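Take a look at the letters that make up each chain.
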Amino acid sequence: MNIIKFGGTSVANAANILQCISIIKSKNDSRPLIVVVSALGGVTDLLLNAAVEASQKNENYRSLLSEIENRHMEAIKELIPATGQSGILSHAKRIINHLETLLDGCFLLGELSERTKDLILSFGEVLSSYIISETLKSMGENCELADSRELIKTNNKFGKAVVNFEMSNLLIQHHFDKSKAAITVLPGFIAESEDGHVTTLGRGGSDYTAAILAAALDVLSLEIWTDVNGIYTANPKLVKQAEPIHHINFEEAMELSHFGAKVLYPPTIQPILSKDITLHIKNTFEPDAPGSVIRKNPGSKSDNPIKGISNIDNITLVTIEGPGMVGVSGFSKRLFEVISKEGINVIFITQASSEHSICLGIADAESKKAKTAIDEEFRFEIQQQKIKPALLENGLSIIAVVGENMKNHQGLSGRMFSTLGRNNINIRAIAQGASERNISAVIDSRDVKKALNSLHEAFFEEDIKQLNLFVMGVGNVGSIFLEQLRAQKKYLKDNLKINVRVVGLANSKMMHTDEDGIDLKDWKSTLENTAANPGDFISEIKRLNLRNSIFVDNTASDVVAGTYADYLKNSIAVVTCNKVACASEYKNYKNLKGISRKYSAPFLYETNVGAGLPIIDTLKNLVASGDRVHKIQAVLSGSLNFIFNNFNEENSFYDVVKQAQSEGYTEPDPKIDLSGIDVKRKLVILIRESGYEMEIDDIENRSFLPQESLDTTSVDDFFASLKTHAAHFNDLYKKASAEGARLKFVASFENGKANVGLHFIPQGHPFYNLEGKDNIVLFYTDRYADQPLLIKGAGAGAAVTASGIFADIIRIGNQ
């Protein structure tokens, strides 16, 4: 004998029912087939809502009833040939009329008892099983409709009745011993008390119905057909990388189903566990997919001790604490007795070893009832201030990492909690059973998606790390960075095992986010067609709350630089070419570094000095290894080096500066480069990275610009001043040429003092032959006392700056 069960989605409409019938026919071999069906998808909720509305004297229950009727009548008309519809429609209408009478009674009385609720809810399965059995008969199948209420007997605990297995097993065996039908269709979910009242087996109870039948009849296997390809490593709606678990044992399946794996109803496994009946979870809409096989000994072994990650939402944490609990025997007994008396299900328990507190995780809907009962039970102790009134924390969820072999592997708990910590996910409570089959933690519900994805990546996607980028600034550097990223995306994934997605883009006027990733082939039109306020960028990033989030700043904005602390405090990494933050007050610089360490959020700014050159990283490694920097000499402005290398008798100073601006070597306002401000910022960053405390104003600026140029307030006025003072710049060039020297703007630090200014560099000096837009830095240290450590290369330009940003992102991906 075969037993198969179809869920609500599988029988949601006529088209889906026909798909189920196709599966039924493929299973109908020489052995009899039992088919257990749920109500049409969504009908149970409609029934419950109609009952509640009626009991509250809300006439809206009539429209809900009409919707229920229409769905079933339409299914009959689509499934049954016209010549045979009349009698079936009439019978279904009689069932609907009975339902209407019950709802009218609830409306008139203004009440809804648990017994009446169970009776009303039973109509969904009664109708669906009738329609499916009649459809099979109309196709010529030897099919009968059996009534689960006559076969499964329970107590009177309406809403979640307890099965009398001894009586039910006898009734089931007796019925099927006599049955001659090739196919028997039964309604799931519903049963009957021993005194003749309709009961239900709890939400998802159709699985339970099928398991009760399977155990009673000692079948070899049970198939549950649903709308997904089995039990997944995580909820596929929240974790897109989740994969079906093809083989799993009963204990692991029990844990996952308890902790919210919606594909399986927790009590389902209990009746078949002792009988060693194999359970198959299959997809109605992909019948050839392997699905999941649950058995005592799955056979398939995996190196990964973790089988899945699951979650339960809408949890309230109830905390009872106080000195009056310590060493008092019977306290826990009283607590759990009062909880049990109220019929409250405890999902999660943890107690401090000091016995000072106990935490219980329960459903949000039961939290107020629990608090009232606990406070009443311990009223004397609360009045005596031996314990505090029960504290409720709602808006929480439980996440659980599940696996039978976890107990044989060290470090799994540490890996779990460090992963959550790196992603700024605060843990409210922790529990682990002695069997070590699961580790559970209570977290804020807003962090569930990020937690599941982070843990799934840590335990199931070790080869690929996903980085979620939010890019601010899509001008010269930003656009080239996006193009580099697009061109290298496949290489990064294939060779470095890093999957980089741009999830957000913003400029000074617009922003756009897409949780699934923005198509970098068409990012410009995507951004242009968005009218969102870029000031909301950080709020949107927080709302998305994605793992491994990185904020990339391609601007020179002091406003944007002022937001870094907020990102870092939310464990969002910051990668920036914007020098403002690191060159701001020393206190702010140290604060950002401290926040970065505290929240394990990388703060990388390699491109602040030397664009793509590894200057800051090299300096950090020197200091970390114990070396001390005593002196720095550098040409840190690729822009100024380009300008002075191209400035001569044939090219005016004005023309060369214009060229540098148009080719992207200078800031949009070239005065920032030519005034020495930009070089001062770079130098103060190097000094601070060397371990010295210095403010930018402590650096002497020996500017070569005339005062009029320094006093200009617009870019146009600045360029005009360069024309006006052409003779001044020509004189500088002539003096250098007369001495056989070249003009270089040099940054210097020695003996605690620093300055920037224009120097005449003689032949033979390392700076003399510095060409194009190159930078050069000389570090004199304990280890490099006689011959300095020299770093030299292109230090300006959008392409090298973008590549430096790219390199910082790869550093984060490799951490």
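In what follows, the structure referred to is the one given above.
Chains are numbered independently. Their residues run from 1 in the order of the written sequence. pLDDT decides what is reported in this predicted model: residues at 70 or higher carry local features, side-chain atom pairs at 80 or more are listed and counted, and totals for whole chains, interfaces and linings draw on all residues regardless. The side-chain values count all of the structure's non-hydrogen atoms but skip hydrogen atoms and water molecules.

## Points about helix α15 (residues 412–422)
In an α-helix, one turn spans 3.6 residues; hence positions three or four apart end up facing the same way. Applicable threshold: Partly exposed residues are those whose accessible area sits between 20% and 50% of the maximum for their type, while under 20% is buried and over 50% is exposed, using a 1.4 Å probe and protein chains only. Going along the chain from the N terminus, every DSSP run of H or I of four or more residues is numbered as a helix, and every run of E of two or more is numbered as a strand. Taking the helix axis as origin, the arc is that swept by the directions to the C-beta atoms. Working rule for contacts: check all heavy atoms of both residues, and any pair within 4.5 Å makes them a contact.
Burial in α15 covers these residues: L412, M416, T419 and L420. The buried side chains of α15 occupy one side of the element, clustering within an arc of 95° when seen end-on. In this structure, the buried residues of α15 make contact with β15 (391–402), β16 (427–432), β17 (438–444) and α16 (448–460). Within two residues after α15, N424 carries a phi angle of roughly 60°, on the positive side.

## Brief notes about the nonpolar core
Across soluble globular proteins, nonpolar side chains have a tendency to be buried as a group. Stated formally: Definition used in this section: a nonpolar core is a set of buried Ala, Val, Leu, Ile, Met, Phe, Trp, Tyr and Cys residues joined via side-chain atoms within 4.5 Å.
Judged by nonpolar contacts, the single largest core of 82 residues is most densely connected at F551, F653, F704 and F779. The element that contributes the greatest number of residues to this core is helix α27 (residues 677–689), accounting for six residues. If near-sequence neighbours (up to four positions away) are discounted, F704 is found in contact with L640, F644, F653, L674, H728, F729, L732, F745 and L758. In terms of nonpolar packing, the next biggest core, distinct from the first, is built from 54 residues, L40, Y61, C143 and I190 among them.

## Things to note about the packing of helix α4 (residues 85–109) against helix α6 (residues 123–138)
Let me state the cut-off plainly: Angles run from 0 to 180 degrees between N-to-C directions of axes, and those axes are lines fitted to C-alpha atoms, restricted for helices to the stretch in contact. Roughly parallel covers angles under 35 degrees, roughly antiparallel covers those over 145, roughly perpendicular covers 65 to 115, and oblique covers all other angles. All residues other than Ala, Val, Leu, Ile, Met, Phe, Trp, Tyr, Cys, Pro, Asp, Glu, Lys and Arg, Gly among them, are scored as polar; the first ten of these are nonpolar and the last four charged.
Viewed as axis vectors pointing N to C, α4 and α6 meet at an angle of 180°, and their least axial separation amounts to 11 Å. In terms of orientation, α4 and α6 fall into the roughly antiparallel class. Residues G87, I88, H91, A92, I95, I96, H98, L99 and L102 of α4 lie in contact with α6, whose contacting residues are F123, V126, L127, Y130 and E134. For the contact of α4 with α6, the per-class residue count stands at ten nonpolar, three polar and one charged.

## Re the pairing of strand β28 (residues 774–781)
In regular strands, side chains alternate between the two faces of the sheet. The condition that has to hold: At least two bridges found by DSSP between two strands are what make those strands a pair.
Most of β28 sits out of view: seven of its eight residues are buried. Pairing of strand β24 (residues 629–635) with β28 involves six bridges; the strand directions are antiparallel. Paired with V635 across the bridge in β28 is I776. As paired strands, β28 and strand β29 (residues 789–794) are joined by six bridges and run antiparallel to one another. Residue N775 lies in a different strand from β29, and its bridge partner there is G793.

## Some points on the sheet that holds β17
Overall, antiparallel pairing links the six strands, which are arranged β13-β14-β12-β15-β17-β16 in an open sheet. Both edges of this open sheet fall to β13 (348–351) and β16, since each of them pairs with a single strand only. For this sheet, the mean angle separating the axes of adjacent strands, direction not counted, is 30°. Looking at chain direction, β16 and β17 are connected through five bridges and run antiparallel. Considered in β17, the bridge of A431 is made with S440. Packing of helix α12 (residues 331–341) onto the sheet brings it into contact with β12 (308–321), β13 and β14 (357–363), and relative to β14 it is tilted by some 15°. Against the sheet, α16 contacts β12, β15 and β17, and its axis sits at roughly 125° relative to β12.

## Some remarks on the environment of V163
Summarising the element assignment, V163 is placed in the loop between β4 (153–154) and α8 (165–178). We classify V163 as buried; its relative accessible area is 9%. With 266 residues separating them along the chain, V163 and A429 place their C-alpha atoms 34 Å apart. Every residue in contact with V163, bar those within four places of it in the chain, is listed here: I152, K153, T154, S168, L201, Y208 and I212.

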